[in-house]
Amino acid sequence: MEMLLQALSSVLTLESFLTVLVGVTLGLFIGSLPGLTATMALAVLLPFTFSMEALQGLIALGAVYMGSIYGGAFTAILINTPGTPSSIATTFDGYPMAKQGRAYEALAGATMASVVGGVVGVIFLLLLAPPLARLAVAFGPAEMFWVAMLGLTLVASLSSGSLLKGLLAGCIGMMLSTIGVSPVGGETRFTFGYPPLQGGIELIVALIGLFVIPELLTMAAEGRGAIPSGGELRKRELSIGRIARQVFGRPANLIRSCLIGQLVAIIPGAGGNVTSLVAYNEARRFSKDPKSFGKGNLEGVVASESSNNVMVAGSMIPLLTLGIPGAPPDAIILGVLLLHGLRPGLDLFTETGVLTNGFILSMGLAALMLLPIGLLGGRIIHRAVIRTPYYFLVPSIAMVTILGTFALRNSIVDVGIMLILGTAGYFLRLIGIHAAPIVLGLILGGIAEQGYVQTMLAAVADPVPWLRLLQNPLSKILAGLVLVGAATALIPIWLERSGRLARVDQEPNAPGDQKEET
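Summary of the structure given here. (Residues numbered from 1 in each chain as written. Predicted model: local features only at pLDDT ≥ 70, side-chain atom pairs only at ≥ 80, totals over all residues. Heavy atoms only, no water.)

**Re helix α22 (residues 435-458)**
Helix length check: α22, at 24 residues, gives a terminal C-alpha distance of 35 Å against a target of 34 Å (1.5 Å per residue), a fit within 8%. Where α22 bends most, at leucine 444, the angle is about 30 degrees. Taken across its 24 residues, α22 has 17 buried, putting it largely inside the fold. (Helix = DSSP H or I, 4+ residues; strand = E, 2+ residues; numbered from the N terminus. Expected span 1.5 Å × (residues − 1). Bend = angle between axes of the 7 residues up to and from the residue. Buried < 20%, exposed > 50% of the residue type's maximum accessible area, 1.4 Å probe, protein only.)

**Details of the packing of helix α4 (residues 54-78) against helix α5 (residues 88-99)**
Look at α4 against α5: their axes get within 7 Å of each other, and the N-to-C directions meet at 55 degrees. If you check the angle between α4 and α5, you find them oblique. Two secondary-structure elements touch here, α4 through Ala73, Ala76, Ile77 and Leu78 and α5 through Thr90, Thr91, Gly94, Tyr95 and Ala98. For the contact of α4 with α5, the per-class residue count stands at 6 nonpolar, 3 polar and no charged. (Axes fitted to C-alpha atoms, helices over the stretch in contact; angles between N-to-C directions. Parallel < 35°, antiparallel > 145°, perpendicular 65-115°, else oblique. Contact = heavy atoms within 4.5 Å. Nonpolar A, V, L, I, M, F, W, Y, C, P; charged D, E, K, R; others polar.)

**A closer look at the side chain of glutamate 282**
Along the chain, the position of glutamate 282 falls in helix α14 (residues 271-286). Discounting chain neighbours no more than four positions away, the residues touching glutamate 282 are Arg256 and Ile260.

**Quick notes on the pattern of salt bridges**
Pairing is possible between side chains of opposite charge, provided their charged atoms come close. Scanning the model with the defined rule gives 6 salt bridges in all. In this structure, arginine 429 engages glutamate 215 in a salt bridge whose closest nitrogen and oxygen atoms are separated by 3.2 Å. Remark: glutamate 215 occurs in helix α10 (residues 203-222) and arginine 429 occurs in helix α21 (residues 412-430); sequence separation between them is 214 residues. Relative accessible area serves as the criterion here: at 27%, arginine 429 is assigned to the partly exposed category. Linking arginine 468 and aspartate 462 is a salt bridge whose minimum nitrogen-to-oxygen distance equals 2.9 Å. On the accessibility criterion, arginine 468 (22% relative accessible area) is partly exposed. (Salt bridge = Lys/Arg side-chain N within 4 Å of Asp/Glu carboxyl O.)

Shown next, in the form of structure tokens:
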């Protein structure tokens, strides 16, 4: 407790406040630009931390990390473009809300959910780091395979209208994930003799192509802006108090999303993109009105944003305790720790506990700083977007996306892939095949392949190699969750299409029911 109080006093200084303020603002700006990820933001900031003290450097990195993950919600809501991969699920209900004239409601709800998620993640990190780190170590290749399979059950939920089209989109994404060098064997696949394709398709490149370009083409074809403009939009804006009552009036959604975010965050390699999708799916499953999801339900935005902001501090648990980066941005923070002679493990919390706890508490301060910055910035950016004519907005967004795509790996090939995927995504959207299942397949295809192949290689001498996938109790639990997830997603669809769900709903109100029962 004494060490924690010393850490708190080191954070509550004017220098730390200014560092957090600048870091969160910078991160919000970078996160809201398509193609500029949290990893890139931290990489750009890294040289500036060399001249800082260890604590101030870590505070700056943590603030930029928190701000950039949250910043992705702005473009996700306003122009249907996830600024970061973790904001994919925010587009599902955020953008429909914007088109209904409820953009500021969505932005304010996302801000409040992000603050709650960030604070909860810091509390988990302070109190439960050692036991959760031991749970993270239990996830081997077989467990990662089942985690990917559990994620793929979301395809049914993301399939708006047609399950077959959703499954087709998921398969397209999984096939895209096989392009390039195999993650285990090292063989080159599906490059068609073109060496630049050996690097595969970068997730951010596919994300920009499949989400941004189709939306830009639609805006240009229809001659409209990203969201409605005029007096109708301002009339629908709600007060902050009413939005807060909507967000906190359903505490089960917040609590469930934060717990999901924390559990997924400690698994190295899963990342916020999987976290937000799983939380969104569970919010839809437990909702009293699941059919309203995808049409402008604030619960979907809250679930996505609260879970992916828990991931910021949650992914630090395996990093600070085991030295295993839970997400790509954490690898940069690990480098800063090693640069200052700090090695992850128990000594980090004992010998340098003031510095470590100061870094953790500063992330909580950054999460709280999101509230004033986000509410003020949301109103300004929101009004700027609705007042910008589409013939300025479309080329401006196109230029930013092209520059952001090129900056990922300084590759003109990535720009070409982005444009090809975007054009294909536009025509796929016209026939009812949406981008979300494609991106989900791309994310989880590599995780599933790597986990399966590594497990099979380890089971070469076993009589029945595939049983190695169910060898551990954790694997069996995850496999059971996959079956339950698939059943709960598919059975309602089957009942509805067969007409039985409708008959069950009508039976209690049907005339003569009481007489027949008697």
